[in-house]
Amino acid sequence: MSVKHPVVAITGSSGAGTTSVTRTFQEIFRREGINAAIVEGDSFHRFDRNEMKLAMAEAEQNRNVRFSHFGEEANLLKELETLFRDYGETGVGTVRRYLHDDAEAKPYGQPPGTFTPWEELTPGSDLLFYEGLHGAAVTSTVDVAQYTDLLVGVVPIINLEWIQKVIRDKTQRGYSSEAVIDTILRRMPDYVTYICPQFSRTYVNFQRVPTVDTSNPFTARTIPTADESFVVIRFADPKVIDFPYLLSMLHDSFMSRPNCIVVPGGKMELAMQLIFTPLILRLMDKRPKRSR
């Protein structure tokens, strides 16, 4: 079956490392001359920064202890599903940007923490590339995953994810340890309900596993480095993966199961290049000639 307009989605919780994966894909797009429409998951949050603070305060007043960015209440999942569906069918769709900081906000004349107006994607892109929390989300009313052509999960083990969040929020955002722990606990029900199930729908998962002690993530002073980690790569359909080639190209890698290869953490980017370049080119080749 031909793919009219491919949709590629990288999904993982905040602090999981999806941004570095995005850089790897952008390098593939540049090298292969692919014009990708890039969409950030933050742009499909329901509330801007100030609105989210108010919504959080209201949730606390109503004793809703599980309200978070991970959940359906705080996100426009229906709009995300519509974007994926429309882009797959027509090559366009409606998007906006979330302006994280002053540098991103300045060209728009808006304060940081706000959204740009909704607008149509520029026609003529080769594929849609999404990176965010909900690329494979499925709820009782929404099925985002059904409109994707390549789903990738980025999932550090939970203690490592917490270490990354604790250190980032304390050093970059000035949060106290107690505030970060409160956020983790509040998000946990939505993490279990909305985030975890996505990784059973992905085509490939990348899970970073540290080889140093992370027993108490809330007292860690440094984030384990790539060289202090392995990456477990799981494939939903291992029959189409050339494992002997990957093993020969990725020194010190090994198979742990018929559908899993384990690679040194420092070779994660190379592994992604080797795995995703042929998958992306295959998607491009499946498109009807008239849509190019």
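Here the residue index of a chain counts from 1 through its sequence in written order. Per-residue local features of the predicted model are confined to residues with pLDDT of at least 70, and side-chain atom pairs are confined, for both listing and counting, to 80 or more; whole-chain, interface and lining totals are unaffected and use all residues. Side-chain metrics rest on all non-hydrogen atoms present in the structure, leaving aside hydrogens and water.

- As annotated in an unreviewed UniProt entry, the protein is Phosphoribulokinase from Nocardia bhagyanarayanae.
- Quoted verbatim from the Sequence similarities (unreviewed entry) heading of the UniProt record, the comment on the protein is "Belongs to the phosphoribulokinase family."
- The protein has a UniProt comment under Catalytic activity (unreviewed entry) that states "D-ribulose 5-phosphate + ATP = D-ribulose 1,5-bisphosphate + ADP + H(+)". UniProt positions are given in the numbering used here, feature names are shortened, and annotations may be inferred rather than shown by experiment.

### Focus on the pairing of strand E7 (residues 127-132)
Inference 1: In terms of burial, E7 is largely enclosed, as 6 of its 6 residues are buried.
Inference 2: Only protein chains enter the area calculation, which uses a 1.4 Å probe; residues under 20% of their type maximum are buried, those over 50% are exposed, and those in between are partly exposed. Counting from the N terminus, the helices are the DSSP runs of H or I reaching at least four residues and the strands are the DSSP runs of E reaching at least two. Burial of E7 is two-sided: the residues Leu127, Phe129 and Glu131 facing one way and the residues Leu128, Tyr130 and Gly132 facing the other way are all buried.
Inference 3: The pairing of strand E1 (residues 7-11) with E7 spans 5 bridges and is classified as parallel. The partner of Ile10 across the bridge, within E7, is Glu131.
Inference 4: Any two strands with at least two DSSP-identified bridges between them are counted as paired. Relative to E7, strand E2 (residues 36-40) runs parallel, the two sharing 5 bridges. Within E7, the position partnered with Ile38 by the bridge is Phe129.

### Comments concerning the side chain of Thr148
Inference 1: Here Thr148 is to be found in the loop between E7 and strand E8 (150-154).
Inference 2: Of the residues examined, Thr148 reaches a relative accessible area of 15% and is grouped as buried.
Inference 3: Of the polar contacts made by the side chain of Thr148, one reaches the backbone oxygen of Ala145; its length is 2.8 Å.
Inference 4: Contacts are assigned to residue pairs with any non-hydrogen atoms lying within 4.5 Å of each other. Ignoring sequence-local partners within four residues, the contact set of Thr148 consists of Val7, Ala9, Phe84 and Gly135. Within 3.5 Å is the distance limit for a polar contact, defined as a pair of N or O atoms, with the added protein rule that one can donate a hydrogen and the other accept it, and that residues adjacent in sequence qualify only through two side-chain atoms.

### Side note on the packing of aromatic side chains
Inference 1: Two aromatic rings, drawn from Phe, Tyr or Trp (for Trp, its six-membered ring), form a pair once their centres lie within 6.5 Å of each other, and the interplanar angle then sorts them: stacked below 30 degrees, edge-to-face above 60, tilted otherwise. The final tally for this structure, using the stated rule, is 13 aromatic pairs.
Inference 2: Their ring planes at 40° and their centres at 5.1 Å tell us that Phe25 and Phe129 sit as a pair that is tilted. You can see Phe25 sitting in helix H1 (residues 18-32) and its partner Phe129 sitting in strand E7, a full 104 residues away along the chain. Neither residue differs from the other here; Phe25 and Phe129 are each classed as buried.
Inference 3: Counting every residue linked through ring pairs, the aromatic cluster contains Phe25, Phe29, Phe129, Phe206 and Phe276.
Inference 4: Any Lys NZ or Arg CZ that is within 6 Å of a ring centre and within 35 degrees of that ring's normal is treated as a charge sitting over the ring. One residue, Arg187, lies across the ring of Phe70, its end atom 4.7 Å from the ring centre.

### Things to note about the nonpolar core
Inference 1: Counting residues in each nonpolar core, the largest one holds 34 residues, and the members touching the most others are Phe25, Phe206, Ile233, Phe235, Phe276 and Ile280.
Inference 2: In terms of residues, this core owes the most to one element, helix H8 (residues 268-286), which gives 10 residues.
Inference 3: Contacts of Phe276, omitting those with residues within four sequence positions, involve Phe25, Ile28, Leu150, Val152, Val204 and Phe206. Definition of nonpolar core: a set of buried residues of the types Ala, Val, Leu, Ile, Met, Phe, Trp, Tyr and Cys, connected through side-chain atoms within 4.5 Å.

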